[in-house]
Amino acid sequence: MEVNGKDDLRSPLLKHPNGAVVTVVPPNNGGNKKIRTLSFKVGGITCASCVASIESALGKLEGVQSVMVSVLQGQAVVKYFPQLVSINNILSIRQKTIKEAVEDTGFEVEEFPEQEIAICRLRIKGMACTSCSESTERALLMVDGVKNAVVGLALGEAKVHFDPNVTDTNRIIEAVEDAGFGADLISSGSDVNKVHLKLEGITSDDDFTTIRSSLEVLEGVNHVDIDMDEHKLTISYEPEIIGPRSLIQCIEQAGNGAKSYQAILYTPPRGGETERQHEMLTYRNQFLWSCLFSVPIFVSSMVLPMFPPYGNWLDYKVINMLSVGVVLRWLLCTPVQFIIGRRFYAGSYHALRRKSTNMDVLVALGTNAAYFYSIYIMIKALTSESFEGQDFFETSSMLISFILLGKYLEVLAKGKTSDALAKLTDLAPDMAYLLTLDGDGNVISEMEISTQLIQKNDTLKIVPGVKVPVDGIVVDGQSYVNESMITGEARPVAKKPGDKVIGGTVNENGCILIKATHVGSETALSQIVQLVEAAQLAKAPVQKLADQISKFFVPTVVVAAFVTWLGWFIPGQARIYPRIWIPKSMDAFEFALQFGISVLVVACPCALGLATPTAVMVATGKGASQGVLIKGGNALEKAHKVKTVVFDKTGTLTVGKPAVVSSVLFSKFSMEDFCDMTIAAEANSEHPIAKAVVEHAKKLFQKYGSQNEHFTDVKDFEVHPGAGVSGKVGERTILVGNKRLMRLFDVPLGREVEDYVSENEQLARTCVLVAIDGKAAGAFAVTDPVKPEAARVISYLHSMSISSVMVTGDNWATAIAIASEVGIQKVFAETDPLGKADKIKELQLTGSSVAMVGDGINDSPALVAADIGMAIGAGTDVAIEAADVVLIKSNLEDVITAIDLSRKTMSRIRINYVWALGYNVLGMPVAAGILYPFTGIRLPPLACWGLHGCFIHQCGLFITPATILQEAFPYQQTLRLLSNNPIFC
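Bear in mind that the values here come from a model prediction, so they are computed numbers and not experimental data. (Residues numbered from 1 in each chain as written. Predicted model: local features only at pLDDT ≥ 70, side-chain atom pairs only at ≥ 80, totals over all residues. Heavy atoms only, no water.)

## A word on the overall build of the protein chain
Thought 1: The helix and strand inventory of the protein chain stands at 34 helices and 37 strands.
Thought 2: Here the protein chain holds 985 residues, and the buried ones make up 52% of them.
Thought 3: At a minimum sequence separation of 6, the contacts of the protein chain that also span at least 24 residues come to 70%.
Thought 4: Counting only carbon and sulfur atoms, one obtains 55% of the accessible surface of the protein chain, whose full area is about 44600 Å². (Helix = DSSP H or I, 4+ residues; strand = E, 2+ residues; numbered from the N terminus. Buried < 20%, exposed > 50% of the residue type's maximum accessible area, 1.4 Å probe, protein only. Contact = heavy atoms within 4.5 Å. Areas by Shrake-Rupley, 256 points an atom, 1.4 Å probe, with all protein chains shown as cover.)

## Section: helix 21 (residues 671–682)
Thought 1: With 12 residues, helix 21 should cover 16 Å at 1.5 Å per step; its first-to-last C-alpha distance of 16 Å lies within 8% of that length.
Thought 2: Taken across its 12 residues, helix 21 has 10 buried, putting it largely inside the fold.
Thought 3: Among all positions of helix 21, only M671, F674, C675, D676, M677, T678, I679, A680, A681 and E682 are buried. (Expected span 1.5 Å × (residues − 1).)

## A short note on the environment of P688
Thought 1: Checked against the element boundaries, P688 lands in helix 22 (residues 688–704).
Thought 2: With a relative accessible area of 22%, P688 lands in the partly exposed category.
Thought 3: Along the primary structure P688 and A659 are separated by 29 residues, whereas in three dimensions their C-alpha atoms are 9.3 Å apart.
Thought 4: Every residue in contact with P688, bar those within four places of it in the chain, is listed here: T650, G656 and P658.

## Details of the sheet that holds strand 21 (residues 493–495)
Thought 1: With respect to topology, 3 strands assemble into an open sheet ordered 21-20-23, the strand pairing being antiparallel. The open sheet has two edge strands with one neighbour each: strand 21 and strand 23 (506–507).
Thought 2: As judged from the 2 bridges shared by strand 20 (residues 479–482) and strand 23, these two strands associate in the antiparallel manner. Among the inter-strand pairings, V481 is bridged to a residue of strand 23, identified as N507. (Pairing = 2+ DSSP bridges.)

## Observations concerning unusual backbone geometry
Thought 1: Of note, H231 is a non-glycine position whose phi angle comes to about 60 degrees, a positive value.
Thought 2: One can find H231 in the loop between strand 11 (221–227) and strand 12 (232–237).

## Topic: the UniProt feature "transmembrane region" (unreviewed entry) in the protein chain
Thought 1: The UniProt feature table records "transmembrane region" (unreviewed entry) at residues 287–307, 319–340, 361–379, 391–409, 552–571, 591–612 and 913–934.
Thought 2: Secondary structure over residues 287–307 splits into 81% helix and 0% strand, and the C-alpha atoms at its two ends are 28 Å apart.
Thought 3: Counted over residues 361–379, helix gives 100% and strand 0%. Its end C-alpha atoms are 26 Å apart. (UniProt positions renumbered as here; feature names shortened; annotations may be inferred.)

## Focus on the packing of aromatic side chains
Thought 1: The full count for this structure, using the stated rule, is 24 aromatic pairs.
Thought 2: For the ring pair Y577 and W581, a centre distance of 5.4 Å and an interplane angle of 15 degrees mean the geometry is stacked.
Thought 3: On the basis of relative accessibility, which here comes to 9%, the residue Y577 falls in the buried class.
Thought 4: A centroid spacing of 5.5 Å and a plane angle of 20 degrees characterise the contact between F674 and F780, whose relative ring orientation is stacked. Pair noted here: F674 is in helix 21 and F780 is in strand 32 (residues 775–783), with a separation of 106 residues, a long-range link.
Thought 5: On the accessibility criterion, F674 (0% relative accessible area) is buried.
Thought 6: Taken together, Y373, Y376, F562, W565, F569 and F589 form an aromatic cluster joined through their ring pairs.
Thought 7: The side chain of R343 reaches across the aromatic face of F344, ending 5.3 Å from its centre. (Phe/Tyr/Trp six-rings, centres within 6.5 Å; stacked < 30°, edge-to-face > 60°. Lys NZ or Arg CZ within 6 Å of the ring centre and 35° of its normal.)

## Comments concerning the pattern of salt bridges
Side-chain pairing between opposite charges can occur once the charged atoms of the two side chains come close.
Thought 1: On inspection of all chains with the given rule, the structure shows 13 salt bridges.
Thought 2: One salt bridge in this structure joins D499 and K496, with 3.6 Å as the shortest N-O distance.
Thought 3: Among the residues examined, K496 registers a relative accessible area of 45% and is labelled partly exposed.
Thought 4: The closest approach of N and O atoms between E754 and K739, which form a salt bridge, is 3.6 Å. Here the residue E754 occupies a position in helix 24 (residues 751–761), and K739 occupies one in helix 23 (residues 739–744), the gap between them amounting to 15 residues.
Thought 5: Taking the relative accessible area as the measure of exposure, E754 reaches 30% and is therefore partly exposed.
Thought 6: Note on K739: relative accessible area 24%, which makes it partly exposed. (Salt bridge = Lys/Arg side-chain N within 4 Å of Asp/Glu carboxyl O.)

## Points about the side chain of T523
Thought 1: Within the fold, T523 resides in the loop between strand 24 (512–518) and helix 15 (524–537).
Thought 2: You can call T523 buried: its relative accessible area is 6%.
Thought 3: When neighbours within four sequence positions are excluded, T523 is seen to be in contact with V470, D471 and H518.

## Digging into the nonpolar core
Thought 1: One finds V645, F647, L797 and I899 to be the most contacted residues of the largest nonpolar core, which totals 44 residues.
Thought 2: Of all the elements, helix 30 (residues 893–927) adds the most residues to this core, at 8 residues.
Thought 3: Discounting residues that sit within four places of it in the chain, L797 has contacts with V645, F647, I802, S804, I896 and I899.
Thought 4: With 36 residues, the next largest nonpolar core counts F208, I211, A254 and L453 among its residues. (Core = buried A, V, L, I, M, F, W, Y, C linked by side-chain atoms within 4.5 Å.)

## Overview of the packing of helix 5 (residues 205–216) against helix 6 (residues 244–254)
Thought 1: Running from N to C, helix 5 and helix 6 cross one another at 135 degrees; their axes reach a closest spacing of 9 Å. The angle between helix 5 and helix 6 falls in the class oblique. You can see that helix 5 and helix 6 cross each other, and the crossing is right-handed. Of the residues in helix 6, those in contact with T210, I211, S214 and L215 of helix 5 are L247, C250, I251 and A254.
Thought 2: Of the residues that constitute the contact of helix 5 with helix 6, the class distribution is 6 nonpolar, 2 polar and no charged. (Axes fitted to C-alpha atoms, helices over the stretch in contact; angles between N-to-C directions. Parallel < 35°, antiparallel > 145°, perpendicular 65-115°, else oblique. Left-handed = near helix turned anticlockwise from the far one by under 90°. Nonpolar A, V, L, I, M, F, W, Y, C, P; charged D, E, K, R; others polar.)

## A short note on the packing of helix 9 (residues 324–340) against helix 11 (residues 359–383)
The angle between the axes and the distance between the axes are what describe a pair of packed helices.
Thought 1: Look at helix 9 against helix 11: their axes get within 11 Å of each other, and the N-to-C directions meet at 150 degrees. The angle between helix 9 and helix 11 falls in the class roughly antiparallel. Judged by the sense of rotation from one axis to the other, the crossing of helix 9 with helix 11 is left-handed. Contacts from V326, W330, C333, T334, Q337 and F338 in helix 9 reach T367, N368, Y371, F372, I375 and M378 in helix 11.

## Regarding the sheet that holds strand 28 (residues 715–720)
Thought 1: The sheet built from 6 strands is open, its strands ordered 27-32-31-30-29-28 with antiparallel pairing. At either end of the open sheet lies a strand with only one pairing partner, and these are strand 27 (659–665) and strand 28. Strand-to-strand twist in this sheet, taken as the mean axis angle between neighbours without regard to direction, amounts to 15 degrees.
Thought 2: Pairing geometry for strand 29 (residues 724–729) and strand 30 (residues 732–737), over 6 bridges, is antiparallel.

## Considering a negative patch on the surface
Thought 1: Together, D168, E174, E177 and D178 make up a negatively charged patch on the protein surface.
Thought 2: On the secondary structure map, D178 appears in helix 4 (residues 169–178).
Thought 3: For D178, a relative accessible area of 52% translates into the label exposed. (Patch = residues over 30% accessible without salt bridge, like charges linked within 9 Å, V, L, I, M, F, W, Y side chains within 5 Å. Lys, Arg positive; Asp, Glu negative; His and termini not counted. Charge placed at Lys NZ, Arg CZ, Asp CG, Glu CD.)

## As for the pairing of strand 26 (residues 644–647)
Thought 1: Side-chain alternation along strand 26 places T644 and V646 on one buried face and V645 and F647 on a second face that is also buried.
Thought 2: Strand direction decides the pairing type here: strand 26 and strand 33 (residues 803–807), joined by 4 bridges, are parallel. For V646, the partnering residue across the bridge sits in strand 33 and is V805.
Thought 3: The pairing of strand 26 with strand 35 (residues 850–854) spans 4 bridges and is parallel. Residue pairing across strands places V646 opposite M852, the latter belonging to strand 35.

## Remarks on the environment of V850
Thought 1: Tracing the chain through its elements places V850 in strand 35.
Thought 2: Of the residues examined, V850 reaches a relative accessible area of 0% and is grouped as buried.
Thought 3: In the structure, V850 is positioned 18 residues away from I868 in sequence and 6.7 Å away in space, judged by C-alpha atoms.
Thought 4: In this structure V850 touches T644, V646, I840, L843, Q844, A866, D867 and I868, once residues within four positions along its chain are discounted.

## Structural notes on the confidence of the model for the protein chain
Predicted coordinates in regions of low pLDDT should not be interpreted in detail.
Thought 1: Model confidence for the protein chain is summarised by a mean pLDDT of 77, while 80% of its residues fall at 70 or above.
Thought 2: Put simply, helix 34 (residues 971–979) is where the protein chain has its lowest mean pLDDT, 37, and strand 26 is where it has its highest, 94.
Thought 3: Residue range residues 952–985 is modelled with pLDDT below 50. Its contacts to residues more than four positions away, or to other chains, number 61 contacts. (pLDDT = per-residue confidence, 0-100.)

Spelled out as structure tokens, the structure:
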């Protein structure tokens, strides 16, 4: 059979005689258009006429390359250009969708794929406050095809979900730029795994075409991006199919004859850090340039006039009453106002164009009021022989200088919040030792390579003191590995063949060989970084307060400034307040204008916008470094409200490695047959107890039977949640589970069975009963030791006024025995997965906020139902996916860490809001002159922006990682004291 390409594999292998293939000649769309294949079921197809109708309807759609419909399978396979035709319920230009075209022919479309959603992350430049982030979100959501967009102010990033059939990343970036902000693409869903290469041997554009075509035909290559100017290449690939070394080899083999191509790795600069450094340098340089002009203005206006012999030259008149000092200040102030300060004009323009306001609007209003009033004073002095007035050029220039200083300090403060994440990304080593083995496992060669070149199933050598480059399994050697940088566990962990190792951890003493199992973005370290980045991007509900305030904050400030000016100007003109209040160098208008400008520039919406996201960034980053992964601000906020913690038993309160301590037969079956059928039934179960039973049964099978490791297969296998499993082994029906399963199938339990179960349950053991053909055949007694820290954690939770509950599918006797050992008073036993979720809801009905801690698939409904779900890191992927918090170390003490971190973070956020709101609530009235009539104290514009700059810096200081860490983990000392108490030892 001839195979034309990998897409042919999606076509039905069995073709009905009436089936047909229609090839539609596509329009000339350029060589770059990628073809996609779509498969779906069509109901009601009975003959060749039906096939022809469907193929004819689809063939008329522009962009459809070929259509094949199978009568036998009732399936349609369509190859199309996604740029020209839509597969979903969004009409493309002049064309119907594929689905609608089929339905219009009278057939029903079944199993149609859901709308394709792609995800991209953008770095947003130029955001200053919450209003900016909200404007960016609105601009993104207005783009056709964008389904969801989240913009993080503190992180300076956006995460966008979009339909790639409708829009692309270029249009999304254009939307951000149209809103007045800069945008760079960080990553998209298709290029999570990518390698960057530098090309050598390139002499013409044809060489790029040759290399691109050679790479694009490789299976597993998603996208090839070539920078012809820099001779650089970025390749997105599927690590399950292909690896970077294979890509480099393909490039080298693309050359023929005189052409020889070489590709070497290069590491692009880290985007976030590069942008942050550039932003800091920009603000610093602008501040220094502004000082170069502003300081002479300040000296000529405020300092020299106080020393008459040195400042007299400033009063020399140029024309009429226009003095040298005014002209000098105008010449120096103008570059600051319109060149250095042009960013504030641009920001104001874009904000007003999108019908919103931000900090730039306040700055532009305040500085323009001072500057153009000074121009008015200068023109009036130029045309008058007797006019005397005070200019405010120093106010305008010094305000811009202080603003730039504040922005510089703000960038420094925000940079501190991402330190923890940067440390995580730096854990992976740069180089690794790759081994080549022969068929017998002997080492043929050893080569040092970049960790970026590691592929799945590579054998790597890890010498003492070296970091593990990727996730893998130990295949040879023994050692101790320090995993504290990932899990927070200080004690090195013993590793032997078969044990898993995590990339980024440090090999302590022995030399081990590992087989790479997860590389690139699939490693645990990469997953942690991605999870923390997503958490830092997500908004906490408490952020809504700042979002609501920001909508009317700037307009309120502008109105307040205008009212302040009127409030001082009108009474001043009417001489309602004493003329002595007005300085001799001013009139009532100037006096009132200073108060109005002060109100404009003292207001600080930036602090409100940064109060929550910066604290969330610090908390999630530091939580990750302590082994606690918190999935976003929502989970972080909910955790501090928890009043009840519900624990699963197996794998959560207990070690999760049960062992069979006894087994017994209740029937005439031989131990060999009994074990064979038990293994067959339990082999497909993921429960830890089932695994323990299988392992013990295999040992018994080998002891009493043959050494053959092939066991009978089970048919009609079925899982009974919270009870056990059932199936057919040969002609016999077998049940393996607890007493509830036996009752469910009406299996009688004799006195001997009841006594065995009762005796073991009193010893906190779990009994697994085995019934064959409706009769009890035997049983296993399983014990699972309690985690050593469980009792201490329950006691400490009680001291935090948090009650503890245990819910388990195990029997009542075992559950009560375990609960008594750890100090839990309330127990729910013999509960299936849905029953666990129901118990959670019952507790919530009492008004209590409930956290659920679990590890298995059977815990996932309860994890979702709880207000906050916490998954043990050693648990199943399903449980981890369903949880809000992941405890990497599988240590119960981290339950307290998560709750305590949440409490301290929320406390810090409240303090941030008190500072931010308090500053504005107190600062604006003082700037408006409320104290002036009583104390003579007023805040001139310069003093306001000095206070503003210091406050922005303080915003960064009181949310630094050290502050939260010092407050969030005091309980650890208490736990150490408890561990030294004889009661808990």
